[in-house]
Structures are given as C-alpha cells and as structure tokens.
Amino acid sequence: MGSGLSMNRQTAFWALLAPPLLFVGIFFVVPLLNLFWVSLHGASSTELFGSNLSGENYYRILTDSFYHTIILRTLWAGMSIMLLCLVLGYATAYVIAPLPPRTRLIMLLLLVAPLMVSNVIRAYGWIAILGRQGVVNSMLRSTGLIDGPLLLLNSFEAVAFGLMTILLSYMVVSIVNALNAIDRQYIEAAQSLKANPVRTFIEVVWPLSSPGVASGTLLVFLLTLSAYVTITLLGGPRMKLLVSLVFDSVSGFRWPLAAALSFALLTLALVVAGLILALLRPGRVQGRG
Amino acid sequence: MRGLLIALTGFSYVVVLLPILIVVVTAFSASEFFAFPPKGFSLRWFEAFFASDSMRGAFSRSLQIATIASILATVLGTMASIAIARRKGTLFNLVQGMFLAPLIFPAIVLGLSLLIFYKSIGGVPDFLGLVIAHSVLGLPFVVRSVTSSLLAVDPALEEAGQSLKASPVDVFIFIIAPLIWPGMLAGGIFAFILSLGELNTALFLTGPGVTTLPIEIFSYLQFQGGQLVIAAASAIQIFMIIAIVLIAERLIGLKRIVRSES
C-alpha cells in the first residue's frame, strides 16, 4: 500500500509539472533555439531563410562600423539610464525606507502603480509635456520667454530621461527592500564607534544594500534594451538603438539578420549583467543571492 | 543633506506621476487639439473613442486576450509551483529558472522568436499567438507569488491529508487552494494587467485588423499625430488599472500588490 501511495504521488507530480513544462518548452525554449538556427543562415527572397549555413550575419555585425556605433550608443544609453535611476532611486529609497510600514506601502504604491500603465501611455504623457505644442512650450510661450517652440524631443537626452522616469520605480522598490533588510544593529555599531554619517553610509549601508542595487540596475538595463516603443516615440526616427535595428530588419523581411541582431542584444544583456554582478558582488551580503 | 534627499525624492514622484496625470486631464478637454491648460471640459473624446471601430475593437480584443492569457498563466503557473515549490536540487532549480526566465528576458527577442516560430510551423492565428505570448510573460509572476504562498503552508497539513487517504485532487481543493488563493489571485491579476499594456511581443504578433489597444495607440502616435482620442484611450486604461488596484487592495492587501510588481 505504501508503494501505491508513492506511485500516486509520483503520477500527481508529473501530471502537475508536465503541462506547464511543455508549454514553456514549446513556446519559449524551442522558438529561441529556432531563432538561433535561423540566425545561422543567409537571407532568402522566398523563404524565411536561405538554405546554406553561414555566419555572415554575425560577421556583418562584428565588422560593420554602423553596427558598432549603434551597439556603443545602446550601451551608453543603458549606462546613462542606469546611473540616473541609481542616483534618484537611491535617494528616494533612502527617504522612504525608514517610514512607518503603512506610509511606506502607500508611498511605494504611488511609484509601483504607474508601472502597470502601458509604456506607450507614459511616453505619450511626455510627448504632451515636452512636444512642440506641449505643456512646457505653451507655458514658456505665454510668458513671452520664447518665440518659437523649443525642440525637447527627438534626441538621445529625451530617450534617456523618458526611460529613466519609466524604469525608476523598479530601482526604488529594489533598494527599499534591501535597506529594510539591513539589521539596525550594524548601523548603531558604526555610530557607537563614532563613524560619521558619510562613513557609516560608505562602509556599512552601501555594501549591505548592494543586492538591491544589483537587482535594480540589472532590471533597468535589461528593460532599456527592449524599449522599442519608448525609444521610437521620444527619440524620433533617427535615434536608433540595437532594438530598433531588430525591428527594422523585420520590417524589411530580413529574418536571419533580425535573428542575429537579437542574439547580439542577448549577448549584450549577459555581458552587462555579468559586469554588474562582478562589480557589486551582491552575494557577499549573507543570506541573499 | 536631508534637504537634498527630500528634493530628489520629490522630483522622482513628479517625473513618475506627472505624465500620467497630464494624459488623464487632457482626455477631458473640449478643444480639437492639445492645449494646456485644457480649454473647457467635455467627454467628446471618450465618445470618439467608443465611436471608432478600430479603437473599440482593439480595446475589446485586449480585454479578451488579457482574460484568457491570465487564466492560462494562473492555471499553468499554479500547477508548476505546486510540483516544484519544495523540491531541491540542481535540476529543479533549472526548471524553476526556466519558468521565471521571461521576467528578465528581453521581451522583444521573445516576440521575434515566437513570430518566426509561428511562421515556421505554418502560421498561427494572430489572436491565439498573442494569447500564448502573454501567457508565457505572465507565468513567472504567478509562479513567484504562488510559490511564496506555498512555502508559507505548513507541510504537515498536506501530509495529514495524505495519511487520511485524500486523493491529490482533494488535497488541493480542501487544503492547499484555500491557503494559497491570495497568491494565485495576485499572480493572475498581475498577468492580466501586464497583458493589457504589453508592447514588445505585441509589436511583432499583431497583424492587420488584429491589434491590441497599446499597439493601436502607438500607431496613432506614430502616423496620425496628436488626436486627443488617444488621451481618452489612455485614460480608460488608467482608470481600469486604478479600479483593479482598489479591488485587489480589498481582496489581497496592499503588500501583495507592491510585491508582485517588483
């Protein structure tokens, strides 16, 4: 009877695990492997991809200086947004974290609820504020400070600023969680040893909050890589990042190139994630990954 | 120093909330074009929204996709969580990592890989293709919140049920489900909201005549300029999210809402 029961459990385990495992396998893992396979082919005018295996797409990305410019610009955009989010997000988290629990939750909700609003709507909000007929320009014009509209959109800065505001909440929440996980005794110990607030911050608070900083910066960078709609709306047609090239290749039906560019994007994600983890070493904080 | 920190915090709240506020205010304006402050109050742009076949169609399609995808994600995610929540070992970590991967995986790559996959197997209807993509994206949120609910359940309860010869289905219905439903609901609600606003896979998977509301708004902004009907479309989505947050607050509490997002 004992073995009957364990048989029963074994069947139940597989009956539960098989459907989700198959679903993710078929619609996440297999398409990704297929994408890689497609990226290893030349283009074809009639089929999805040419018949011969070739590394021409990757060769092109690695050797063509056009792609280098775009990849560097993507990295630069990601870094700028990450740094902006880190400075603003850390300051905000530092103010919110010590608040009483109920107040803290409400303050966090005010930042988290906007994440549920589609990015296209949040970008539209910035167009309404910064566009030619936008809030800023009409206010400046009515006060007579300017004659023609200021061009505040369609630039690298507009993309960096806009994405910073869209992704900031992730950083704040990650850091608030990390700050609240710090044992108060460490900070009191530093203070009783007469460390001033700056030194306490640098030697105690910052290292102990590194898991939050790591997960926040990681999330911000990874989401920047995919943000095609925000980049297009705030940066205009000429502000291209790596993700725009993926989309452009698809519009031109160059599937293998689009596939290879996707893997360039994934590689960039992995490299930067590795760098962030190596730099911040969140694992050194005990009990957290 | 304290003053600087508070100033930066204030700036954060302004840049996060202001664009959304402006969109909502604009949606109620009476003028033909964008003006700030808006001239007059009217509901004409909401009427224009519901009078437009393409907008209304995209809206109802978005709701249908979000409903089906979030239910699918909740069912599959709950099954996966129950199977592996308490298991240890490299293999199970790997399986769990696979379920959670879409959380941080660049969604644009997922969208392209699904588009090419659908083409490779001879085509999938756009609606179904979107439901599948949004289920894959919603699944990790369900797995995460259900797993944390499950880990809070005392394993002795489950064992007690089994020793009394309850079938696995009975154990789930009478013991596990009543304890983990807030986790299921939180994950499901989040998958629903995510699908409603999702852009990166929808960019690739929507087709002529089969768009979602965010993609419809995006193409209006790109090609037709600033008609205020987009503000109304956006405001409707924002009101829905506020309503969902308020209901969720009653059902599962603020803490879970804040946590399921981050």
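Quantities reported herein were computed from a predicted structural model and do not represent experimental measurements.

About the criteria used
Residues numbered from 1 in each chain as written. Chains lettered and ligands numbered in written order. Predicted model: local features only at pLDDT ≥ 70, side-chain atom pairs only at ≥ 80, totals over all residues. Heavy atoms only, no water. Helix = DSSP H or I, 4+ residues; strand = E, 2+ residues; numbered from the N terminus. Buried < 20%, exposed > 50% of the residue type's maximum accessible area, 1.4 Å probe, protein only. Core = buried A, V, L, I, M, F, W, Y, C linked by side-chain atoms within 4.5 Å. Domains from an automatic or database assignment. Contact = heavy atoms within 4.5 Å. 1 Å grid on protein atoms, 1.4 Å probe; cavity = no way out; pocket = protein on both sides within 12 Å on 5 of 7 lines; lining within 4 Å. Points joined across faces, edges and corners; volume = space filled by probe spheres on them. Nonpolar A, V, L, I, M, F, W, Y, C, P; charged D, E, K, R; others polar. Salt bridge = Lys/Arg side-chain N within 4 Å of Asp/Glu carboxyl O. Buried area = accessible area lost by both parts, 1.4 Å probe. Patch = residues over 30% accessible without salt bridge, like charges linked within 9 Å, V, L, I, M, F, W, Y side chains within 5 Å. Areas by Shrake-Rupley, 256 points an atom, 1.4 Å probe, with all protein chains shown as cover. Phe/Tyr/Trp six-rings, centres within 6.5 Å; stacked < 30°, edge-to-face > 60°. Expected span 1.5 Å × (residues − 1). Arc of directions from axis to C-beta. Polar contact = N/O pair within 3.5 Å; in protein donor to acceptor, adjacent residues only side chain to side chain. Axes fitted to C-alpha atoms, helices over the stretch in contact; angles between N-to-C directions. Parallel < 35°, antiparallel > 145°, perpendicular 65-115°, else oblique. Left-handed = near helix turned anticlockwise from the far one by under 90°.

Student: So what's going on with the overall build of chain B? Which residues, and what values?
Tutor: For chain B, the count of helices and strands is 12 helices and 0 strands. Ordering the α and β elements of chain B from the N terminus gives α-α-α-α-α-α-α-α-α-α-α-α. Once the C-alpha set of chain B is aligned to its principal axes, its extents read approximately 70 × 60 × 35 Å. For chain B, with 262 residues in total, the buried portion stands at 54%.

Student: Report on the nonpolar core, specifying residues and quantitative values.
Tutor: One finds Val120(A), Phe49(B), Phe99(B), Leu112(B) and Phe204(B) to be the most contacted residues of the largest nonpolar core, which totals 180 residues. Structurally, this core is a two-domain feature, drawing no fewer than three residues from each of domain 1 (1–42) and domain 2 (44–261) of chain B. The residues touching Leu112(B), leaving out its near neighbours within four places in the chain, are Leu35(A), Val246(A), Val250(A), Trp255(A), Ala258(A), Ala259(A), Ser262(A) and Phe204(B). Listed in part, the 11 residues of the second largest apolar core include Ala73(B), Ala85(B), Val146(B) and Ile176(B).

Student: How would you explain unusual backbone geometry if you had to name every residue and give the values?
Tutor: All names here are of chain A. For Phe253, which is not glycine, the phi torsion reads 60° and is therefore positive. Within the element layout of this structure, Phe253 appears in the loop between α12 (242–251) and α13 (255–280). Among the residues examined, Phe253 registers a relative accessible area of 58% and is labelled exposed.

Student: Quick rundown of the layout of surface pockets? Include the residues and the values.
Tutor: Approximately 1,500 Å³ is the volume attributed to the largest pocket. If you go around the largest pocket, you meet 49 residues; those closest to its centre are Tyr170(A), Leu219(A), Leu223(A), Leu103(B) and Ile104(B). Put simply, the parts of the chain that give the lining of the largest pocket at least two residues each are α5 (119–130), α7 (156–180), α10 (210–226) and α11 (228–235) of chain A together with α6 (126–151) and α8 (168–197) of chain B. Counting residues per element, the lining of the largest pocket draws most heavily on α10(A), at 9 residues. For the lining of the largest pocket, the class distribution of residues is 32 nonpolar, 12 polar and 5 charged.

Student: Lay out the environment of Leu268(A) with the relevant residues and their values.
Tutor: Residue and element names in this part refer to chain A. Relative to the elements of secondary structure, Leu268 occurs in helix α13. Taking C-alpha positions, Leu268 is 33 Å from Val95, a pair spaced 173 residues apart along the chain. Those residues in contact with Leu268, other than ones at most four positions away along the chain, are Ile71, Thr74, Leu75, Phe221, Leu225 and Leu242.

Student: Hey, could you go over the pattern of salt bridges for me, with residue numbers and the actual values?
Tutor: Residues and elements named next belong to chain A. Taken as a whole, this structure holds 4 salt bridges over all chains when the rule is applied. Residues Lys240 and Asp248 are paired through a salt bridge, measuring 3.2 Å at the closest nitrogen-oxygen approach. With a relative accessible area of 25%, Lys240 lands in the partly exposed category. Residue Asp248 is classed as partly exposed on the basis of its relative accessible area of 26%.

Student: So what about the domain arrangement of chain B? Which residues, and what values?
Tutor: Residue and element names in this part refer to chain B. Taken domain by domain, chain B holds domain 1 (1–42) and domain 2 (44–261). Centre-to-centre separation of domain 1 and domain 2, based on C-alpha positions: 29 Å. Facing the 13 residues of domain 1 at the interface are 10 residues of domain 2. Three residues, Val23, Ala27 and Glu32, lead the burial of domain 1 against domain 2; their summed loss comes to 41% of the area buried on that side. Inspection of the region where domain 1 meets domain 2 yields 1 salt bridge. Across the pair Arg44 and Glu32 runs a salt bridge, and its minimum N-O distance is 2.7 Å. A per-class count over the side of domain 1 that touches domain 2 returns 8 nonpolar, 4 polar and 1 charged.

Student: Outline the side chain of Ser12(B), listing residues and values.
Tutor: Considering the arrangement of structural elements, one finds Ser12(B) in helix α1 (residues 2–27). Setting aside its immediate chain neighbours within four residues, Ser12(B) contacts Leu88(A), Thr92(A) and Leu168(A).

Student: Could you give an account of a nonpolar patch on the surface, with specific residues and numbers?
Tutor: Residue and element names in this part refer to chain B. On the surface, a nonpolar cluster with roughly 250 Å² of combined accessible area is contributed by Val14, Leu18 and Leu21. Relative to the assigned elements, Val14 resides in helix α1. Since its relative accessible area comes to 44%, Val14 is described here as partly exposed.

Student: Explain the packing of aromatic side chains to me, using residue names and the numbers behind them.
Tutor: Two descriptors summarise a pair of aromatic rings, namely the distance from one centre to the other and the angle between the planes of the rings. A full pass over the atoms with the stated rule returns 22 aromatic pairs over all chains. Judged by centre distance (5.0 Å) and plane angle (45°), the ring pair of Phe28(B) and Phe46(B) falls under tilted. Of this pair, Phe28(B) sits in the loop between α1 and α2 (44–51) while Phe46(B) sits in helix α2, and the two are 18 residues apart along the sequence. Given the relative accessible area of 12%, Phe46(B) is considered buried. The rings of Phe23(A), Phe27(A), Phe117(B) and Tyr118(B) are connected pair by pair, giving a single aromatic cluster.

Student: Give me helix α4 (residues 101–112) of chain A: which residues, what numbers.
Tutor: All names here are of chain A. Helix length check: α4 (12 residues) gives 16 Å between terminal C-alpha atoms against 16 Å at 1.5 Å per residue, within 8%. Those residues of α4 not exposed but buried are Leu105, Leu108, Leu109, Leu111 and Val112. Projected down its long axis, α4 shows its buried positions confined to an angular sector of 160°, all on one face.

Student: Pulling in residues and values, what's your account of the interface of chain A and chain B?
Tutor: With 82 residues of chain A at the interface, the matching set in chain B holds 83 residues. It is Phe28(A), Met116(A) and Tyr124(A) that lose the most area in chain A upon contact with chain B, and together they represent 10% of the buried surface on that side. Summed over the shared surface of chain A and chain B, the number is 0 salt bridges. Run the count over chain A and chain B and you get 6 residue pairs in polar contact (both at pLDDT 80 or more). Broken down by element, the residue count for the side of chain A that touches chain B peaks at 23 residues, all from helix α1 (residues 2–39) of chain A. Split into classes, the residues belonging to the side of chain A that touches chain B amount to 63 nonpolar, 16 polar and 3 charged.

Student: Describe in detail empty space enclosed by the protein, supporting the description with residues and values.
Tutor: All names here are of chain A. Tallied over the entire structure, the rule returns 2 cavities of 30 Å³ or more. A volume near 30 Å³ is recorded for the second largest cavity. Thr74, Gly78, Thr224, Leu225, Ile231, Leu241 and Val243 are the residues that line the second largest cavity. Elements represented by at least two residues in the lining of the second largest cavity include exactly α3 (65–96) and α10. Within the lining of the second largest cavity, the residues separate by chemical class into 4 nonpolar, 3 polar and no charged.

Student: Give a description of the packing of helix α3 (residues 53–84) of chain B against α6(B) that names residues and reports values.
Tutor: Packed helices, taken two at a time, are described by the angle between their axes plus the distance between the axes. All names here are of chain B. At a minimum axis distance of 6 Å, the contact between α3 and α6 shows a crossing angle of 40°. As summarised for this structure, α3 and α6 are arranged oblique, according to the angle between their axes. Between α3 and α6 lies a crossing whose hand is right-handed. Tallied by class, the residues present in the contact of α3 with α6 amount to 15 nonpolar, 9 polar and 1 charged.

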